[in-house]
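# Coordinate analysis (summary)
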Amino acid sequence: GGNAAVVATAALARSKRRRGKAKPMPEDQAVYPAKDLCSRCGFCNTSLVGRVQEACAFLGDGMARLDQLEERVHGRQRNLEDEMELYFGVTVEDGVVPLQVLPEQRPAQRAWTGLVTSMACALLAAGRVDAVLCVASAAESPKKRLEPRPILARTVEEVLKCGGVKPMLSPNLLPLEELWQVRGEDIKRLLFIGVGCQVQALRSVEEDLGLDELYVLGTNCVDNPRDSEALQRFLRSASETPETAVGFEFMQDNRIHVKHADGRYEQIPVFALKEPENCTGVIAKSCYACFDYVNALTDLTVGYMAAPWQGGRMTEHQQYCVVRNQKGQQMLDLLAEKLDVGQASSLVPNGWSLPRSQLVPSVLSPELDLAFGRRRRREPPPRWLAELLSDVVTALGPRGVEFAKGSIDRAALRNLVCLEV
Ligand code: FAD
Ligand code: SF4
Ligand code: SF4
């Protein structure tokens, strides 16, 4: 009896804490408050929609609010005098770490070595959280496997099924409504997995989520396809058999690696895309207004771009993470025995390479053509030349952390130009 009273009082306190209960927008809503720039993050499909002006990454001050949110979440803003923090956001000391899940510990379904999935499973198994908000596939068919369906996973098995990137906009905040409406009693401590625009909306209303504990684990994110049609259009440009593709990544060897349902990999030099002009409109407009590639408001962010290219498959390749605060450190420590952690210094490879300042302008121009739909029709070079170009740029171009900074420069500069016109 006493216990029930305590539980009921706690529930009441939580529901009182959650302010602003407006009517959620339906999922098939045609126009959202951020209009063209909306990344369909799911926030407006929850009863916190009334607070969209302060939460949305694309309204009002938008991502400029990252500065004050960094202060609120991490206790300080990133140090602009420190180039690592300037690019990667707030980190604990030596917080940018190369690592991978040990081969025998890797989950079957994963994008890279399954770091995100393994960390989420570890948190759940250790009883640190009651549920994980992560992204399942819409269905099992190869095409639907790449379409996102965010869920509240209560078991390790459910989290394991969410491994792998669903490369398109995903309404990750949507399941919060289910949490509040029907599962609030069971789920008081949550791990949220998501990308920058989703995490900004989440953090903006963190105090009013009605949770006792929130962990936030994220990935880097850039240039996300708008929807399934856009993704298929891109895959047709990149792959000989787009219908069997179950994953892809722009890798550090300047090739697009497409993973197929039968286990086969295609490796296409970025210079050999068929009809690249067909890719205009593939990337969501929100992603041309995004300045949070590194997901600055997570407790811990996972990515690949600062890990020096080692060859081979992405599912066997080293990744890196950015530990931003104590909760991020806890997540890393919890998984320690399943990890192969490298030396931070290995993220900065020895030897000469082209400075990124010399490469960024040459990649910016075709990027802007793509953004503005300018048709500069050209036949792709012969395949051997495209392969050679990818090899040369990989051998001479920036590597490791410099490669990552170059990617961030490219996206940020392009997006600044896009916002100005
Ligand atoms: P896994 O263990 O396979 O877990 C992947 C997790 O991603 C799952 O938990 C799932 O919930 C979540 N997820 C899947 N799809 C989405 C989605 N659409 N929105 C939000 N969450 C999702 N890294 C870079 O270094 N540079 C990049 O440019 C880059 N772009 C990315 C774009 C997207 C849309 C995503 C989701 C990730 C991107 N990443 C990028 C991160 C990288 O691709 C891997 O996700 C990361 O290295 C983790 O791999 P993993 O094997 O540890 O993940
Ligand atoms: Fe709403 Fe999210 Fe779209 Fe902004 S990005 S309008 S918060 S759904
Ligand atoms: Fe959201 Fe930015 Fe990723 Fe686009 S690139 S999905 S806006 S985090």
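Along every chain, residues carry numbers that run from 1 in the direction the sequence is written. A letter from A marks each chain and a number from 1 marks each ligand, given out in the order of writing. Side-chain atom pairs in this predicted model are given and counted only at pLDDT of 80 or more, local residue features only at pLDDT of at least 70, and totals for whole chains, interfaces and linings cover all residues. Side-chain figures throughout are based on the complete set of non-hydrogen atoms in the structure, without hydrogens or water.

When you tally the buried positions in strand E3 (residues 148–153), you get five out of six residues, the bulk of the element. Sheet analysis places strand E2 (residues 131–137) next to E3, joined by six bridges and oriented antiparallel. Following the sheet pairing, Val132 is matched in E3 by Ala153. Relative accessible area decides the class of each residue, using a 1.4 Å probe on protein chains only: under 20% of the type maximum gives buried, over 50% gives exposed, and in between gives partly exposed. Each helix is a run of H or I in the DSSP string that is no shorter than four residues. Each strand is a run of E no shorter than two, and both are numbered from the N terminus. When DSSP finds two or more bridges between a pair of strands, those strands are recorded as paired.

Take the buried Ala, Val, Leu, Ile, Met, Phe, Trp, Tyr and Cys residues and link them wherever side-chain atoms come within 4.5 Å; each set so joined is a nonpolar core. By size, the foremost hydrophobic cluster in this structure holds 42 residues, and its most contacted members are Phe43, Leu190 and Leu209. Counting 31 residues, the second largest nonpolar core, distinct from the first, contains Val97, Val116, Cys121 and Tyr215.

Nearness is defined per residue: one heavy atom within 4 Å of the molecule or strand is enough. Taken together, 33 residues are adjacent to ligand 1, and Ala111, Trp112, Thr117, Gly164 and Lys166 come closest. In the model, an oxygen atom of ligand 1 is placed 2.7 Å from a nitrogen or oxygen of the Ala111 main chain. Surface accessibility follows the Shrake-Rupley procedure with a 1.4 Å probe radius. Residue values consider only the protein chains on display as shielding. The protein chains hide 97% of the 900 Å² of surface that ligand 1 would expose on its own. Residue assignment for the shell around ligand 1 shows that the elements contributing at least two residues are helix H5 (115–125), E2 and strand E9 (300–303). Definition of a polar contact: a pair of N or O atoms within 3.5 Å, with one able to donate and the other able to accept a hydrogen when the atoms are protein atoms, and with sequence-neighbouring residues admitted only if both atoms are side-chain atoms.

Attention now moves to the domain arrangement of the chain. As assigned here, the chain comprises domain 1 (2–225 + 287–347) and domain 2 (228–283 + 353–420). Domain borders in the structure are assigned automatically or taken from a domain database. Summarising the inter-unit geometry, the C-alpha centres of domain 1 and domain 2 are found 26 Å apart. As a working definition, buried area equals the accessible area (1.4 Å probe) given up by two parts on being put together, with both sides summed. In total, domain 1 and domain 2 occlude about 3600 Å² of area from one another, counting both sides; carbon and sulfur atoms represent 66% of this. Salt bridges are identified by distance alone: a Lys or Arg side-chain nitrogen within 4 Å of an Asp or Glu carboxyl oxygen. Where domain 1 packs against domain 2, one counts three salt bridges. Among the ionic pairs, Lys405 bridges to Glu83, the shortest N-O distance being 2.5 Å. There are 15 residue pairs in polar contact (both at pLDDT 80 or more) connecting domain 1 and domain 2.

Under the definition given, this model contains 27 salt bridges. Note that Lys285 and Asp36 form a salt bridge whose closest N and O atoms lie 3.6 Å from each other. Here Lys285 is found in the loop between strand E8 (265–269) and E9, whereas its partner Asp36 is found in the loop between helix H1 (2–17) and helix H2 (52–55), with 249 residues between them in sequence. In this structure Asp36 comes out as exposed when scored by relative accessible area, which is 55%.

Looking at ligand 3, the residues that line it are Phe58, Leu169, Val195, Gly196, Cys197, Cys221, Val222, Asp223, Asn224, Ser286, Cys287 and Cys290. By residue class, the composition of the shell around ligand 3 is eight nonpolar, three polar and one charged. For this classification, the nonpolar set comprises Ala, Val, Leu, Ile, Met, Phe, Trp, Tyr, Cys and Pro, the charged set comprises Asp, Glu, Lys and Arg, and every other residue, Gly included, is treated as polar.

Moving on, we get to the layout of surface pockets. Counted as a void, the second largest pocket has a volume near 640 Å³. Along its surface, the second largest pocket is lined by 27 residues, and Cys38, Arg40, Leu169, Arg226 and Ala284 are the ones closest to its centre. In terms of residue count, the dominant contributor to the lining of the second largest pocket is helix H12 (residues 356–372) (three residues). Among the residues making up the lining of the second largest pocket, the classes are represented as 16 nonpolar, four polar and seven charged. Residue-level mapping places the lining of the second largest pocket at the junction of two domains, with at least three residues from each of domain 1 (2–225 + 287–347) and domain 2 (228–283 + 353–420). Within this scheme a cavity is a closed region of a 1 Å grid, computed over the protein atoms alone, that accommodates a 1.4 Å probe without allowing it to escape, whereas a pocket is open but has protein on both sides within 12 Å along at least five of seven lines; lining residues each have an atom within 4 Å of a point. Grid points are joined across faces, edges and corners, and a volume is the space filled by probe spheres set on the points.

In this section: the side chain of Ser239. Within the secondary structure, Ser239 sits in the loop between helix H10 (228–238) and strand E6 (245–250). Taking the relative accessible area as the measure of exposure, Ser239 reaches 1% and is therefore buried. Polar side-chain contacts of Ser239 include one of 2.5 Å to the side chain of Glu266. For Ser239, the contacting residues outside a window of four places in its chain are His260, Glu266 and Lys274. Contact between two residues is taken to exist if any of their heavy atoms lie within 4.5 Å; hydrogens are not considered.

Before going further, it helps to spend a moment on the environment of His317. Note that His317 resides in the loop between E9 and strand E10 (319–323). The spatial distance from the C-alpha of His317 to the C-alpha of Leu124 is 25 Å, given a sequence separation of 193 residues. For His317, the residues in contact, after removing those within four places along its chain, are Trp112, Thr113, Gln252, Ala307, Pro308, Trp309, Gln310 and Gly311.

Only a minority of non-glycine residues have a phi that is not negative, and only a minority of peptide bonds are not trans. One non-glycine residue with positive phi stands out, namely Lys35, at about 50°. Mapped onto the elements, Lys35 comes out in the loop between H1 and H2. Positive phi is not limited to glycine here, since Asn254 has a value of about 60°. Tracing the backbone through its elements, the reader meets Asn254 in the loop between E6 and strand E7 (255–260). Relative accessible area serves as the criterion here: at 17%, Asn254 is assigned to the buried category.

Moving on, we get to the packing of aromatic side chains. In summary, the pairing rule links any two rings of Phe, Tyr or Trp, Trp by its six-membered ring, whose centres are within 6.5 Å, and it sorts them by plane angle into stacked for under 30 degrees, edge-to-face for over 60 and tilted for everything else. Counted under the stated rule, the structure contains five aromatic pairs. Here Phe88 and Tyr320 contribute two aromatic rings whose centre-to-centre distance is 6.1 Å and whose plane-to-plane angle is 80°, an arrangement assigned as edge-to-face. Placement of Phe88 in helix H4 (residues 83–88) and of Tyr320 in strand E10 is noted, with a sequence separation of 232 residues between them. Its relative accessible area of 0% is what places Phe88 among the buried residues. For Tyr320, a relative accessible area of 0% gives the class buried. Ring centres of Phe234 and Phe248 lie 4.9 Å apart, and the angle between their planes is 40°; this geometry places the pair in the tilted category. One end of the pair, Phe234, is in helix H10; the other, Phe248, is in strand E6, with 14 residues separating them in the sequence.

Mapped onto the elements, Tyr288 comes out in the loop between E8 and E9. According to the relative accessible area criterion, Tyr288 is buried, its value standing at 12%. Tyr288 sits 46 residues away from Leu334 along the chain, and the two C-alpha atoms are 36 Å apart. Discounting residues that sit within four places of it in the chain, Tyr288 has contacts with Ile283, Leu370, Ala371, Arg414, Asn415, Cys418 and Leu419.

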